[in-house]
Amino acid sequence: QAAHRVSDRVYEVFTGQKGCFRTRIAYVVYKKGATFPYQLMTADYDGYNETPIVKSTQPVMTPAWSPDGKRLAYVSFEKRTPAIFVQDIYSKKRTKLSSFSGLNSSPSWSPDGTKIAMTLSKDGQPDIYYYDLNASKFVRVTANRAIDTEPTWAADSKALFFTSERGGKAQIYKFDFATSKTERVTYQGARNLSAKSIPGTNSLIVITQVNGFRVARVDADGSIYMLTTSSLDESPSVAPNGSMVIYSTVYQGRKGLALVSADGRFKANLPSSSGEISAPAWGPLLSK
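All values reported here derive from a predicted model rather than from experimental measurement.

Within the chain one finds 1 helix and 24 strands. Rg of the C-alpha trace for the chain: 18 Å, near the compact-globule value of 19 Å for 288 residues, within the 12% margin. Along the three orthogonal principal directions, the C-alpha set of the chain runs to about 50 × 45 × 40 Å. Taking all 288 residues of the chain together, the buried fraction comes to 49%. Of the contacts made within the chain by residues no fewer than 6 positions apart, 32% connect residues no fewer than 24 positions apart. Element-wise, carbon and sulfur atoms account for 50% of the exposed surface of the chain, whose accessible area totals about 13900 Å². Of the side chains in the chain, 36 bear a positive and 24 a negative charge, and the two mean positions are spaced by 4 Å.

Summarising the element assignment, N104 is placed in strand 8 (residues 104-109). There is a polar contact of 3.1 Å between the side chain of N104 and the backbone oxygen of P82. With near-sequence residues (within four places) excluded, N104 lies in contact with V75, P82, A83, I84, S98, S99, T119 and L120.

The next point concerns a nonpolar patch on the surface. Residues V6, V10, V13 and F14 make up a contiguous nonpolar surface patch of about 430 Å² in total accessible area. In this structure, V10 sits in helix 1 (residues 2-15).

With that settled, the discussion passes to the sheet that holds strand 12 (residues 148-153). Within a sheet, neighbouring strands are paired by backbone hydrogen bonds and run either parallel or antiparallel to one another. Here 4 strands make up an open sheet; going across it, the order is 12-13-14-15 and the pairing antiparallel. Of all strands in the sheet, those bounded by a partner on one side alone are strand 12 and strand 15 (181-184). Strand-to-strand twist of the sheet, defined as the mean angle between neighbouring strand axes without regard to direction, takes the value 30°. Two strands pair when backbone bridges link them, and strand 13 (residues 159-164) and strand 14 (residues 171-176) are joined in this way by 6 bridges, in the antiparallel orientation. Within strand 14, the position partnered with T163 by the bridge is I172.

Turning next to the pairing of strand 17 (residues 204-209). As a general feature of sheets, a regular strand has side chains that alternate between the two faces. Within strand 17, 5 of the 6 residues are buried, leaving the element largely enclosed by the surrounding structure. Two elements, strand 16 (residues 192-197) and strand 17, share 4 bridges in a ladder whose sense is antiparallel. Its bridge partner being in strand 17, S197 is matched across the sheet by L204. Hairpin connection, strand 16 to strand 17: the antiparallel pair is bridged by 6 residues, and G200 has positive phi, about 80°. Alignment of strand 17 against strand 18 (residues 213-218), held across 6 bridges, turns out to be antiparallel. Pairing of L204 across the sheet is with V218, part of strand 18. A loop of 3 residues connects strand 17 with strand 18, the two strands running antiparallel in sequence, and N211 in this loop sits at a positive phi of about 55°.

Turning our eyes to something else, we now look at the packing of aromatic side chains. Applying the stated criterion across every chain yields a total of 12 aromatic pairs. Aromatic side chains F100 and F138 sit 5.1 Å apart centroid to centroid with 75° between the ring planes, which places their arrangement in the edge-to-face category. Residue F100 is located in the loop between strand 7 (94-98) and strand 8, and its partner F138 is located in strand 11 (residues 137-140); the two are separated by 38 residues in the primary sequence. The class for F100 is partly exposed, based on a relative accessible area of 30%. For F138, a relative accessible area of 27% gives the class partly exposed. Ring centres of Y130 and F177 lie 5.8 Å apart, and the angle between their planes is 75°; on these two criteria the pair is classed as edge-to-face.

On to the pattern of salt bridges. Enumeration according to the criterion identifies 12 salt bridges in this entry. Salt-bridge contacts for D127 lead to R140; the nearest nitrogen and oxygen are separated by 2.8 Å. Residue D127 is located in strand 10 (residues 127-132), and its partner R140 is located in strand 11; the two are separated by 13 residues in the primary sequence. In this structure R140 comes out as partly exposed when scored by relative accessible area, which is 38%.

So, how was this worked out
- Residues numbered from 1 in each chain as written.
- Predicted model: local features only at pLDDT ≥ 70, side-chain atom pairs only at ≥ 80, totals over all residues.
- Heavy atoms only, no water.
- Helix = DSSP H or I, 4+ residues; strand = E, 2+ residues; numbered from the N terminus.
- Rg over C-alpha atoms; globule rule 2.2 N^0.38 Å.
- Buried < 20%, exposed > 50% of the residue type's maximum accessible area, 1.4 Å probe, protein only.
- Contact = heavy atoms within 4.5 Å.
- Areas by Shrake-Rupley, 256 points an atom, 1.4 Å probe, with all protein chains shown as cover.
- Lys, Arg positive; Asp, Glu negative; His and termini not counted.
- Charge placed at Lys NZ, Arg CZ, Asp CG, Glu CD.
- Polar contact = N/O pair within 3.5 Å; in protein donor to acceptor, adjacent residues only side chain to side chain.
- Patch = residues over 30% accessible without salt bridge, like charges linked within 9 Å, V, L, I, M, F, W, Y side chains within 5 Å.
- Salt bridge = Lys/Arg side-chain N within 4 Å of Asp/Glu carboxyl O.
- Pairing = 2+ DSSP bridges.
- Axes fitted to C-alpha atoms, helices over the stretch in contact; angles between N-to-C directions.
- Phe/Tyr/Trp six-rings, centres within 6.5 Å; stacked < 30°, edge-to-face > 60°.

Any link to function would need more than the numbers given here.
Here you go:
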């Protein structure tokens, strides 16, 4: 931790932006044949100091950090059907957020900490909703005959990006709360999904289908820049200072985690314990 603290300070002096060396990541590990094959883990950003948060005999998916770094929202199939939980990573106390009939998936915390977006199919087709933590109620955002999923918040919490097939194939759309209007964001590539905002910019990180599925950056003018050369990438998550992207990929025949810089010039695979690793989520900056 001392080395990470020094690294944060050096990085800030040289770049003028906060370093992410003391941040934490969350991810899911699957170990076939284990007593609890599905485990939700946290670790340092570089993959070291793993700590189990949830151990389960049934799948655990798509963790998402709260802005204060103290809680994780995630999907659990422990009752054989999907439910979204919020768990305090220190006290281990958890709360069931949604377990409606049908789909409960893809929780995403708003940067202001007041809402959690998700995909629900309780009213028919999968649509985007959010849970208002202050009002303790669900609010529907989209109502479309196509599949809407994978919500993620804009940095100012005033808009939601999501994946939709309303145009025929999966592309990224944006719902603006001020205007209540939805607009298509991506046009290049056969499919684009799993959008994440890059803090401090108007750009997005996505998974795009071009010779497989690869991590790419979508700039404000709609241009797409490939960041990786692999073909089985998924679940990107952006560092809170916008400098790096962590994602799941297949490396040497096993699913694991990798890093790529937002400009594509730096790439690295992260060390990990045995097992298949997926669904990484990068935690927030630490204030102290």
